[in-house]
Amino acid sequence: MPATTREARTKIPVPILIAGILAVLVAVAVGVYLSGTPKNANAQIAASAEAKAYLANLGLSDVGMKATLNFMQQQVVEVEGKITNKGPRPVRSIDVYCLFYDVNGREVHREIVPIVQSTTAPLKAAETRNFRLPFDSLPNTWNQAMPRIAIAQITFAG
């Protein structure tokens, strides 16, 4: 019997073990949250030299921003507009950086979003297409101004 008494004293009670694991998980979650950036949010996509040269052939127009409520009654900020391919090549996809700033001009949020998706038909030469970019996780420190939009990557069709 003395062996079982000794074993009982050295074992950690299950509720304390669970509480310890939960404390570690909460600490990790808080650390990730306080880092302020998702893993891939600041991943830099390097546009090819070919894509950079083609930038002059892409035009944005009628760009505006509005706030709406989604089905869960959460605010969603939407950037809408039109993109025109003024060049000779069809474009399979275009990804853009949307950069959000605070009132001091510091970047507080960055997302890479598709403005032309590879799952749709390519954007042909001289074609204009509407786009809609929804954002539902903007920080409270955002200055409520139009984000800066910069082309991150272009993929050509064919």
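Further up the page is the structure itself.
Residues numbered from 1 in each chain as written. Predicted model: local features only at pLDDT ≥ 70, side-chain atom pairs only at ≥ 80, totals over all residues. Heavy atoms only, no water.

1. Remarks on the layout of surface pockets
So, point 1. Put simply, the second largest pocket is a space of about 160 Å³.
So, point 2. Residue lining of the second largest pocket: Gln-75, Val-77, Phe-135, Asp-136, Ser-137, Leu-138, Pro-139, Asn-140, Trp-142 and Gln-144, and that is the complete set.
So, point 3. Among the residues forming the lining of the second largest pocket, the class breakdown is five nonpolar, four polar and one charged. (1 Å grid on protein atoms, 1.4 Å probe; cavity = no way out; pocket = protein on both sides within 12 Å on 5 of 7 lines; lining within 4 Å. Points joined across faces, edges and corners; volume = space filled by probe spheres on them. Nonpolar A, V, L, I, M, F, W, Y, C, P; charged D, E, K, R; others polar.)

2. Comments concerning the pattern of salt bridges
So, point 1. In total, this model carries eight salt bridges according to the counting rule given.
So, point 2. Of the charged contacts, one joins Glu-78 and Arg-132 as a salt bridge, the two residues approaching to 2.6 Å between their closest N and O atoms. Taken together, the residues span a long stretch of sequence, with Glu-78 in strand β2 (residues 75-85) and Arg-132 in strand β5 (residues 128-135) at a distance of 54 residues.
So, point 3. By relative accessible area, which is 46% here, Arg-132 ends up partly exposed.
So, point 4. One network of salt bridges, with partners in common, ties together Lys-66, Glu-78, Glu-80 and Arg-132. (Salt bridge = Lys/Arg side-chain N within 4 Å of Asp/Glu carboxyl O. Helix = DSSP H or I, 4+ residues; strand = E, 2+ residues; numbered from the N terminus. Buried < 20%, exposed > 50% of the residue type's maximum accessible area, 1.4 Å probe, protein only.)

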